[in-house]
Amino acid sequence: MPRSTLVLLACTAAVFTAGCARKQKPEPAPQRQQQPAPPQFSQLPSIPPPGMKYHRPVSLSSARVSRPLIALTYDDGPHPTNTPRLLNILRQRGVKATFYVVGTNARRYPGILRRMINEGHEIGNHTITHGNLKKMSNAKVRQELRGCEQAIMAATGFKPRTMRPPYGAISPAQKSWIRQEFGYTTTLWSVDPRDWQKPGVSIVTRRLVSGAKPGAVLLAHDIHKPTIDATPGVISQLQARGFQFVTVSALLAAQSQ
Ligand SMILES: [Zn+2]
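Each helix and strand in the protein was counted, giving nine helices and eight strands. By residue count, 40% of the 257 residues in the protein fall in the buried class. When contacts within the protein are restricted to residue pairs at least 6 apart in sequence, long-range pairs at least 24 apart make up 79% of them.

Take a look at the structure:
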């Protein structure tokens, strides 16, 4: 092919291509998703009071406090019917609790999480899939905690301050890097009524009440109906003994005073 024909063909191709390009409508600018502003500490509607500085340890099973404070904690929810019923009971009695939510449930019921925050409760991180952290790589643990944290923040704008490992399974090294990277105090418990074995309302009540002492962290599960049934009795009996129910962060704040 003569050189002039090649040049002509090249020019024709260039014009055609450019023409095609010109005919294309410009892509609409992608809509920027409105990201909620990161919450400021002073805006968090949780106890302890905004701006209060307190020591957040690597780990907590029970607190050293001089007053009869106690933390009631509920794991594995939210549950679509049991948790709202529990929130009604807590509201009627003026009790603040801490909920260690599972990420999959948090994504499914964000309205229940918002209600918890609006009513002065605390929400903690209980991972996305409720697996055994001790058997996971650091990368997988990070993914579990990050995912649940994002689900809680998407629902409430609130960044959790504490986490609870499923089954209480966690190594000292994991507690340490999680505190450093996420700022979380690993929160275990001092009283376990084994309510997940469904031993009956009166046994759950008795175990929780008899284990209580100042600074105790009581473990319960809001996915089990008998645990919700036991809650009014537990509250009445412990209030009669002079206990005041506070969130886990409030317990930590009281400990550092
Ligand atoms: Zn759990």
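Of the two faces of strand β4 (residues 122–125), the one carrying Glu122 and Gly124 and the one carrying Ile123 and Asn125 are both buried. Sheet analysis places strand β3 (residues 98–101) next to β4, joined by four bridges and oriented parallel. Within β4, the position partnered with tyrosine 100 by the bridge is glycine 124.

Now for the nonpolar core. Nonpolar side chains in soluble globular proteins tend to end up buried together. Counting residues in hydrophobic clusters, the biggest one holds 57 residues, and the most contacted among them are Ile70, Ala212 and Leu218. For leucine 218, the residues in contact, after removing those within four places along its chain, are Ile70, Ala71, Leu72, Thr73, Trp189, Val191, Leu208 and Ala212.

Contact geometry of helix α2 (residues 82–93) with helix α8 (residues 225–240) gives a least axis separation of 9 Å together with a crossing angle of 5 degrees. Taken together, the axes of α2 and α8 lie roughly parallel to each other. Contact residues: α2 offers Asn82, Arg85, Leu86, Ile89 and Arg93, while α8 offers Lys225, Ile228, Thr231, Pro232 and Ile235. When the residues that make up the contact of α2 with α8 are grouped by side-chain class, the tally is five nonpolar, two polar and three charged.

Here strand β7 (residues 217–221) lies mainly inside the structure; five of its five residues are buried. Covered by surrounding structure in β7 are Val217, Leu219 and His221 together with Leu218 and Ala220, the residues of both alternating faces. With five bridges joining them, strand β2 (residues 69–75) and β7 adopt parallel strand pairing. Counted as the bridge partner of aspartate 75 is histidine 221 from β7.

Cut-offs applied
- Residues numbered from 1 in each chain as written.
- Predicted model: local features only at pLDDT ≥ 70, side-chain atom pairs only at ≥ 80, totals over all residues.
- Helix = DSSP H or I, 4+ residues; strand = E, 2+ residues; numbered from the N terminus.
- Buried ≥ 20, exposed ≤ 12 C-beta atoms within 10 Å, placed from the backbone.
- Contact = placed C-beta atoms within 7 Å.
- Pairing = 2+ DSSP bridges.
- Core = buried A, V, L, I, M, F, W, Y, C linked by C-beta atoms within 7 Å.
- Axes fitted to C-alpha atoms, helices over the stretch in contact; angles between N-to-C directions.
- Parallel < 35°, antiparallel > 145°, perpendicular 65-115°, else oblique.
- Nonpolar A, V, L, I, M, F, W, Y, C, P; charged D, E, K, R; others polar.

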